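Observations on chain architecture
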Amino acid sequence: MLKGILTGVSVIKASVVNRGAGIGVLATVKKVTFLDGQKVQFSNVSFKRAWMERMKVWDGWSEPILYRGDVVQKDGTIIDSEEFDFTGTMIATKNYSRRGPLAVGKGISVNSFAGDIDFLSNAGLVKSIGENNLYSKEDFYGIYLMPLAIELANVGRQTINLSNSDINESDDTKTKIIKLYRALGLEAEIEKFDEKRMTNLIKIVKDIRVNRNEVTIELTEQEKKRRLEQLLKGMGDLYRRIEGRIEVISPLFCAFSLSYYAPNYLYLIEDEIVRQYKQMKENGESIFTLDYESLVKKLEELEKRNGKKIYKATYMDYNITVNELINDIFSEKDKQNEDQSLAT
């Protein structure tokens, strides 16, 4: 079983990522007030939805089974859906709930909202039909900071409270999967699994164990590695569709760590960006360009002070850093297995 928490901070340069409810004929941006003015934000839900959609389109992740009760939410298990593995369920309405190991914070802008408005944004359409119901939009462009955390112990691992599974330790993997899904009331979904799909599902399952009324699913280390690597690389190549355009929300700069419970190095990143912006203004410059070398140097100084490693990546070397991170996560897992073998 993997251990620890992977934390991260994504520095995103973007325009409006998602909007508020609007006021009359004015489409507003989502804002929150801070000491030095109003900051623009985008929701963690909008980011995760774009992220998961990208994973399905580009990496072939499976559509999760949906439960259509009082609240529509994801159902099934981590066996049939990578998305379910990372994001889990919203509320417990059936046999179990799953807190997804992936947690994403809101994206909050470093720079403040300046009141920019895109006036008469639908003027062409209005003019073509002779109407006068003009529509305007608040506009923004800036740098957002977005924290995230992944509980590695829960990646590829799920425990279900289930008393009627009828699963025996002597059952083969296919039989265990069938009995599990029947106990969850998902017989119709099992019937949709053709021979090829079932064969692929069997390959990724390491074990399905029963302890009294608990059923624990454990996926193979190879499958955990595939899912986590694809997820992180997907974040580095991401956009969201909004108002007929795409908004790139992959990181301009990103930092990860396996040594922090919370990504509080976000504060250092924010302070350094603000410092660089003030320096630009003092120098009389009009274009802000993030100084990656200076930011990396500050994070390296923090590493030395705290003795905690931070992985640093720009948009140019993002995948290289993710490869290093994934190798370290799973080589540490291999070391744990070796230590356990020696102990026994």
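In this report, the structure presented in the accompanying data block is examined.

Each value, and the rule that gives it
- Residues numbered from 1 in each chain as written.
- Predicted model: local features only at pLDDT ≥ 70, side-chain atom pairs only at ≥ 80, totals over all residues.
- Heavy atoms only, no water.
- Salt bridge = Lys/Arg side-chain N within 4 Å of Asp/Glu carboxyl O.
- Helix = DSSP H or I, 4+ residues; strand = E, 2+ residues; numbered from the N terminus.
- Expected span 1.5 Å × (residues − 1).
- Buried < 20%, exposed > 50% of the residue type's maximum accessible area, 1.4 Å probe, protein only.
- Contact = heavy atoms within 4.5 Å.
- Phe/Tyr/Trp six-rings, centres within 6.5 Å; stacked < 30°, edge-to-face > 60°.
- Lys NZ or Arg CZ within 6 Å of the ring centre and 35° of its normal.

**Details of the pattern of salt bridges**
Scanning all chains against the criterion turns up 30 salt bridges. A salt bridge links Arg-49 to Glu-83; the nearest nitrogen and oxygen atoms lie 2.7 Å apart. You can see Arg-49 sitting in helix α1 (residues 44–59) and its partner Glu-83 sitting in helix α2 (residues 82–87), a full 34 residues away along the chain. Among the salt bridges present, the one from Glu-53 reaches Lys-56, with a minimum N-O distance of 3.2 Å. Of this pair, Glu-53 and Lys-56 both sit in helix α1, three residues apart, which is roughly one turn of that helix. Sharing partners across several salt bridges, the network here consists of Arg-19, Lys-137, Glu-243, Arg-245 and Glu-247.

**Describing α1**
Between its terminal C-alpha atoms α1 stretches 21 Å, which fits the 22 Å expected from 16 residues at 1.5 Å a residue. Along α1, the residues that are buried comprise Ser-46, Phe-47, Lys-48, Ala-50, Trp-51, Met-52, Arg-54, Met-55 and Lys-56. Count one or two residues on from α1 and you reach Gly-60, which has phi positive near 75°.

**Some thoughts on the side chain of Gln-41**
Tracing the backbone shows Gln-41 in strand β4 (residues 37–42). In this structure Gln-41 comes out as buried when scored by relative accessible area, which is 12%. Ignoring any residue separated from it by four or fewer positions in sequence, one finds Gln-41 in contact with Asn-18, Lys-30, Lys-31, Val-32, Lys-106, Gly-107, Ile-108 and Tyr-144.

**What about the packing of aromatic side chains?**
Summed over the entire model, instances satisfying the criterion amount to eleven aromatic pairs. Between the aromatic rings of Tyr-181 and Phe-193, the centroid separation amounts to 6.0 Å while the plane-to-plane angle is 75°, which identifies the pairing as edge-to-face. With Tyr-181 in helix α4 (residues 173–183) and Phe-193 in the loop between α5 (187–192) and α6 (195–204), the pair connects residues that are twelve residues apart, well separated along the chain. Summarising the burial analysis for this pair, Tyr-181 and Phe-193 share the class buried. When the centroid spacing of 6.1 Å and the interplanar angle of 65° are considered together, the rings of Tyr-277 and Phe-288 count as edge-to-face. Pair noted here: Tyr-277 is in helix α8 (residues 266–282) and Phe-288 is in the loop between α8 and α9 (292–306), with a separation of eleven residues, a long-range link. With relative accessibility at 43%, the residue Tyr-277 sits in the partly exposed group. Taking relative accessible area as the criterion, Phe-288 reaches 25% and is therefore assigned partly exposed. Through successive ring pairs, a cluster of aromatic residues spans Phe-42, Phe-47, Trp-51, Phe-140 and Tyr-144. Its end group placed over the ring of Phe-113, Lys-31 keeps NZ or CZ at 5.0 Å from the ring centre. Sitting over the ring of Tyr-260, Lys-308 keeps its end group 4.6 Å from the ring centre.

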